[in-house]
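Below, each chain spelled out in residue letters.
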Amino acid sequence: MLSPLKNISRFLGIDTAKEKYRYGIDPQFGYTSQEKIPDHWVKTTCGYCSVGCGMYLGVREGHAVAVHGDSDHPVNHGILCPKGLTEHHFIHSKDRATEPLLKIKGRLRPVHWETALNTLVDRFVRIQRNYGNQALGVLSTGQLVTEEFYALGKLVQLGFKTTNYDGNTTLCMSTAVAGYKRSFGSDGPPGCYADFEVADCIFLVGANIADNHPILWDHLRKNTSRTLIVADPRLSKTAMLADLYLPVKPRSDLTLINGIMKILIDAGKIDRIYIARHTHRFEELVSHLKKYSLDFVSEQTGLPRDLIKKVAHTYGDAKAGLIAWTMGVNHSTQGTETVNAINTLALITGNIGRPGAAPFSITGQCNAMGTREAGFTSSLPGYRKFENLQDREELARIWKVPVEEIPQERGWAYPDIIEGIVKGKIKALWILATNPFVSYPNQELLKDAISRLEFLVVQDGFHPTPTTEVADLVLPAAMWGEKEGTYTNSERRVLKVNRAVDPPGEARSDFDIFLEIAKKLGVSNALFSGWKKPRDAFEEWKTVSQGRLCDYSHMTYEAIEAQGGIQWGGERLYTNGEYPTSDRKARLWAVDGCSEPEPPNDRYPFLLNTGRTVEHWHTRTKTGRIELLEKMSPEAWVEINPEDARQLKIRQHEVVRVASQRGEIPKVAVRITSTVPSGHLFIPFHYIEACANNLTVSEFDPISREPNYKQCAVKVEKLSFAERGGF
Ligand SMILES: Nc1nc2c(c(=O)[nH]1)N[C@H]1C(S)=C(S)[C@@H](COP(=O)(O)OP(=O)(O)OC[C@H]3O[C@@H](n4cnc5c(=O)[nH]c(N)nc54)[C@H](O)[C@@H]3O)O[C@H]1N2
Ligand SMILES: Nc1nc2c(c(=O)[nH]1)N[C@H]1C(S)=C(S)[C@@H](COP(=O)(O)OP(=O)(O)OC[C@H]3O[C@@H](n4cnc5c(=O)[nH]c(N)nc54)[C@H](O)[C@@H]3O)O[C@H]1N2
Ligand code: SF4
Ligand SMILES: [Mo]
């Protein structure tokens, strides 16, 4: 292994002896990514997105002062995006949560950990005694380490004995999870990043990787002989890079996929042997697709007939076709069925389990996968099924507990927990590492729900955040750079994150907090016997995952670190065409598209689309405190088409009001741009100051319970002279 110093040198081709004098400038991007020369570097993994880039965190006198990419890492080969490159900047920011705070006489006041955790256990247990165990709800995240997810799942389900536990991953990945389960019998993205390098056809559906998975783009860029197809109603940065851009009508992806399948079946460009050997219900699919004439598909999707044909044949003719999707598909009331259609298209063309061929859900948060694998949310640990007695028995045997202790069905999903509060069923809530007061749809409803709680605990690395501010108890958590464990990235690669610096003040790692709570609850021996460090949880998780699709039993921390991560399930899943279903076959789905839940109308004539930008991470608790990123993207904006702006007499950069039936953004600056079609608006959801989720609708996918974030009806209003502040 080369030292980090030599790594950079090799990358740049510069002389190591002189290099130490050049450290102030980040050689790859030309701006400073450190304030001081580190006295040592700690190898780790980026804590933002699911790409999972390898990096080194530079430390000087106990402070994180620099980062640089790991040039030996198979994911990113030394490159980092702007968020990764500035990641050390949030660690020592002044708003870190440093002490437990308890609301006493209406004000949050510092208390000792002892008092904080005794209060948490007392209140939770008392509320559960009064209203039943299920009156405690827990909302977690995709941003803890897997060891923490595993510990939290055990603590919540076996310790507090509530199943009303879910992650913010339901705002994000639950659709892909449900879609994979319904098609293949298990969750688990089948593809890998190398597929982007070798596919002949790459079809991105509702995925803006240039902004949101920038280093993935680096894999795609290496593939010079591919055709890149992008379907997105908005001409995103990624769409601009496409060979074939499909400005689909929102929510028409399912119809488009059905149309493509019909064309390929009619042209015989399908894999009949694969279909016969490895799938079910092909005949049903064929008869279902009869109505998907080219005219119908063209009318429904808004795409020209020739373009649809061209896309179908490009995918159908490809030796290896990759379809990757993200939130443009998942964030919809029909997301799961759209995922099923995508999987079905891949299956009937045999585009799965081979290099370059996969239906690939790109994940979002750094460890969205960890909670899916280990976290007790939509599956039991190790992708075991709640409803399967054999799975429950196996888990009970490993844990040496009676099988009755293992829940037989999952509890409420995130939106149902929120509705459960409104209905008076949930009385206490524990929120960890998520910030719903920016990220949850329909903020009015959320505020109403939270105000009805008897006790709210928020565990976060920052205070104040919009969510910690309303808590009864705030638990200060160590964050990335301050704790150890593993993340799993989008290609199932298990990666190591390491502690480089101490957490600020009295902040503790989520893991230590869980262990301490278990002690107070009197379940420490039963759940976490002998556990002191994340490594202890990892060892147990290896046993629990053994023999499952996500098998970690062959991994060690040392091997993960040395190899730049290890993919569970190997490079690709389903290479032999066998699926984890009762008869080893995958299911083909015949489904129809339906319209969005809240189409524009006379009062609210615009369709609002929401999403992201490269500089910011979600609710900006981290990136909003990093000067460079904040300066690059300091305020929210609304994108509007030039034609619509002309009609409304709105000028470039004018400040306007945007409102829906549920709420409004009182002021937001206009960007007139033809990247959005006429009749559409786009607002990034990162900014509490102009919170897109004041507008979004409380509509959820009936199967996955994921919110319909990408379409709701809104209006735009000019501000009066007085509202504009007299100019
Ligand atoms: N910079 C940055 N990177 C991130 C994140 C971040 O906050 N900031 N978050 C991470 C997380 S958790 C996630 S989940 C991913 C999300 O990554 P993406 O899914 O790429 O992000 P979004 O911008 O939410 O949505 C993607 C696209 O869906 C399009 N879309 C909207 N409606 C439709 C439709 O009906 N059909 C189609 N085909 N497309 C549609 C939008 O126009 C948008 O361009 O990003 C991850 N990476
Ligand atoms: N309108 C609209 N809304 C959306 C979306 C959209 O596209 N449009 N996207 C949705 C999606 S895909 C997602 S994933 C969600 C994301 O929404 P959130 O999960 O609410 O967003 P984050 O800002 O990542 O919140 C993470 C919180 O955890 C804290 N934190 C970070 N690390 C740690 C840690 O190690 N321990 C603890 N205890 N706390 C920590 C951070 O300070 C922050 O407050 O937003 C969803 N909301
Ligand atoms: S692409 Fe994602 S994992 Fe890589 S540096 Fe950027 S934010 Fe971090
Ligand atoms: Mo996400």
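Some details on the overall build of the protein chain
Part 1: Each helix and strand in the protein chain was counted, giving 28 helices and 26 strands.
Part 2: Taking 27 Å as the expected radius of gyration for a compact globule of 727 residues, we find that the protein chain reaches 25 Å, a close match to that expectation.
Part 3: If you line up the protein chain on its principal axes, its C-alpha atoms span 70 × 70 × 70 Å.
Part 4: Counting the 727 residues in the protein chain, one finds 64% classified as buried.
Part 5: Of the roughly 26,300 Å² of accessible surface on the protein chain, a fraction of 50% belongs to carbon and sulfur atoms.
Part 6: The positive charge centre, built from 88 side chains, and the negative charge centre, built from 86, are 1 Å apart in the protein chain.

Quick notes on the site of ligand 1
Part 1: Around ligand 1 there are 34 residues in total, and Asn212, Asp232, Asp253, Arg612 and His616 lie nearest to it.
Part 2: Side-chain polar atom of aspartate 232 to an oxygen atom of ligand 1: 2.7 Å apart, as the coordinates give it.
Part 3: Within the contact set of ligand 1, an oxygen atom lies 3.4 Å away from a side-chain nitrogen or oxygen of glutamine 711.
Part 4: Protein burial of ligand 1: of its 920 Å² of free accessible surface, 100% is covered by the chains.
Part 5: Of all the secondary structure elements, the ones that give two or more residues to the shell around ligand 1 are α8 (209-212), α16 (327-330) and β21 (606-611).
Part 6: Across the shell around ligand 1, the residue classes tally to ten nonpolar, 16 polar and eight charged.

Looking at the domain arrangement of the protein chain
Part 1: The domain architecture assigned to the protein chain consists of domain 1 (4-90), domain 2 (101-164 + 366-477 + 503-564), domain 3 (190-362) and domain 4 (606-718).
Part 2: At the junction of the two partners, domain 1 supplies nine residues and domain 4 supplies nine residues.
Part 3: Taken together, both faces of the contact between domain 1 and domain 4 bury some 890 Å²; the carbon and sulfur share is 78%.
Part 4: Among the residues domain 1 hides against domain 4, the three largest losses belong to Tyr48, Lys83 and Phe90. Together they make up 55% of the total.
Part 5: In this structure, the connection of domain 1 to domain 4 is made through zero salt bridges.
Part 6: Run the count over domain 1 and domain 4 and you get one residue pair in polar contact (both at pLDDT 80 or more).
Part 7: Here the residues of the side of domain 1 that touches domain 4 sort into five nonpolar, three polar and one charged.

Focus on the site of ligand 2
Part 1: Residues in contact with ligand 2 amount to 31 residues; listed here are only the nearest, Gln143, Asn168, Ser439, Asp460 and Thr619.
Part 2: Interatomic distance of 2.6 Å between a side-chain N/O atom of asparagine 168 and an oxygen atom of ligand 2.
Part 3: Threonine 434 has a polar side-chain atom sitting 2.8 Å from an oxygen atom of ligand 2.
Part 4: In isolation ligand 2 has 930 Å² of accessible area, and contact with the protein removes 99% of it.

Some words on the side chain of asparagine 168
Part 1: Here asparagine 168 lies in the loop between β7 (165-167) and α6 (174-184).
Part 2: Residues within four places of asparagine 168 in sequence aside, it is in contact with Ser140, Thr141, Gly142, Gln143, Gln365, Tyr414, Ala433 and Thr434.

Brief notes about the pairing of strand β22 (residues 637-640)
The side chains of a regular strand alternate between the sheet's two faces.
Part 1: Going residue by residue along β22, you find Trp637 and Glu639 tucked away on one face and Val638 and Ile640 tucked away on the opposite face as well.
Part 2: The sheet contact formed by β22 and strand β24 (residues 664-672) spans four bridges and is parallel. Residue isoleucine 640 lies in a different strand from β24, and its bridge partner there is isoleucine 672.
Part 3: Across two bridges, β22 lies against strand β25 (residues 680-684) in antiparallel orientation. Note that in β25 the partner of glutamate 639 across the bridge is phenylalanine 682.

Considerations on helix α15 (residues 305-317)
Part 1: Look at α15: 18 Å from first C-alpha to last across 13 residues, which is about the 18 Å you get at 1.5 Å a residue.
Part 2: Along α15, the residues classified as buried are Leu307, Ile308, Val311, Ala312, Thr314 and Tyr315. One side of α15 carries all its buried residues, which in axial view fall inside an arc of 165°. In this structure, α15 carries Asp306 and Asp317 as exposed residues pointing more than 90 degrees from its buried face.

As for the packing of helix α5 (residues 146-159) against helix α23 (residues 510-521)
Part 1: Packing of α5 against α23 brings their axes to within 9 Å, and their N-to-C directions diverge by 20°. On the basis of the axis angle, α5 is roughly parallel to α23. The hand of the α5/α23 crossing is left-handed. Counted together, Glu147, Glu148, Ala151, Leu152, Leu155 and Gly159 of α5 and Asp510, Phe511, Phe514, Ile517, Ala518 and Leu521 of α23 form the full contact between these two elements.
Part 2: For the contact of α5 with α23, the residue count by class is eight nonpolar, one polar and three charged.

Side note on the pairing of strand β2 (residues 54-60)
Part 1: For β2, a buried count of six out of seven residues is recorded, marking the element as mostly surrounded by other parts of the structure.
Part 2: Two strands pair when backbone bridges link them, and strand β1 (residues 40-45) and β2 are joined in this way by six bridges, in the antiparallel orientation. Bridge pairing links histidine 40 to valine 59 in β2.
Part 3: Relative to strand β3 (residues 63-69), β2 runs antiparallel, the two being bridged by six bridges. For methionine 55, the partnering residue across the bridge sits in β3 and is glycine 69.
Part 4: From the end of β2 to the start of β3, which pair antiparallel, there are two residues, and glutamate 61 there has a positive phi angle of about 45°.

What about the state of the cysteines?
Part 1: Going through the model one piece at a time under the given rule, you end up with zero disulfides.
Part 2: There is no disulfide at cysteine 192, and the cysteine sulfur nearest it, in cysteine 53, is 16 Å away.
Part 3: Among the residues examined, cysteine 192 registers a relative accessible area of 1% and is labelled buried.

Observations regarding the packing of aromatic side chains
Part 1: Using the criterion set out here, one finds 27 aromatic pairs in the structure.
Part 2: Here tyrosine 150 and tryptophan 541 contribute two aromatic rings whose centre-to-centre distance is 5.7 Å and whose plane-to-plane angle is 45°, an arrangement assigned as tilted. Residue tyrosine 150 is found in helix α5, and its partner tryptophan 541 is found in helix α25 (residues 534-545); the two are separated by 391 residues along the sequence.
Part 3: Exposure remark for tryptophan 541: the relative accessible area of 2% places this residue in the buried category.
Part 4: Residues phenylalanine 538 and tyrosine 557 carry aromatic rings whose centres are separated by 4.7 Å and whose planes lie at 45° to one another, so their mutual orientation is tilted. With phenylalanine 538 in helix α25 and tyrosine 557 in helix α26 (residues 557-562), this pair connects stretches of sequence that are 19 residues apart.
Part 5: Given a relative accessible area of 1%, phenylalanine 538 falls into the buried group.
Part 6: Residue class for tyrosine 557 comes out buried when judged on its relative accessible area of 3%.
Part 7: One aromatic cluster is present, built from ring pairs that chain together Tyr150, Phe376, Trp399, Phe511, Phe528, Trp531, Phe538, Trp541, Tyr552 and Tyr557.
Part 8: Sitting over the face of the ring of tryptophan 589, arginine 182 holds its NZ or CZ atom 3.8 Å from the ring centroid.

Cut-offs applied
- Residues numbered from 1 in each chain as written.
- Chains lettered and ligands numbered in written order.
- Predicted model: local features only at pLDDT ≥ 70, side-chain atom pairs only at ≥ 80, totals over all residues.
- Heavy atoms only, no water.
- Helix = DSSP H or I, 4+ residues; strand = E, 2+ residues; numbered from the N terminus.
- Rg over C-alpha atoms; globule rule 2.2 N^0.38 Å.
- Buried < 20%, exposed > 50% of the residue type's maximum accessible area, 1.4 Å probe, protein only.
- Areas by Shrake-Rupley, 256 points an atom, 1.4 Å probe, with all protein chains shown as cover.
- Lys, Arg positive; Asp, Glu negative; His and termini not counted.
- Charge placed at Lys NZ, Arg CZ, Asp CG, Glu CD.
- Near = heavy atom within 4 Å.
- Polar contact = N/O pair within 3.5 Å; in protein donor to acceptor, adjacent residues only side chain to side chain.
- Nonpolar A, V, L, I, M, F, W, Y, C, P; charged D, E, K, R; others polar.
- Domains from an automatic or database assignment.
- Contact = heavy atoms within 4.5 Å.
- Buried area = accessible area lost by both parts, 1.4 Å probe.
- Salt bridge = Lys/Arg side-chain N within 4 Å of Asp/Glu carboxyl O.
- Pairing = 2+ DSSP bridges.
- Expected span 1.5 Å × (residues − 1).
- Arc of directions from axis to C-beta.
- Axes fitted to C-alpha atoms, helices over the stretch in contact; angles between N-to-C directions.
- Parallel < 35°, antiparallel > 145°, perpendicular 65-115°, else oblique.
- Left-handed = near helix turned anticlockwise from the far one by under 90°.
- Disulfide = S-S within 2.5 Å.
- Phe/Tyr/Trp six-rings, centres within 6.5 Å; stacked < 30°, edge-to-face > 60°.
- Lys NZ or Arg CZ within 6 Å of the ring centre and 35° of its normal.

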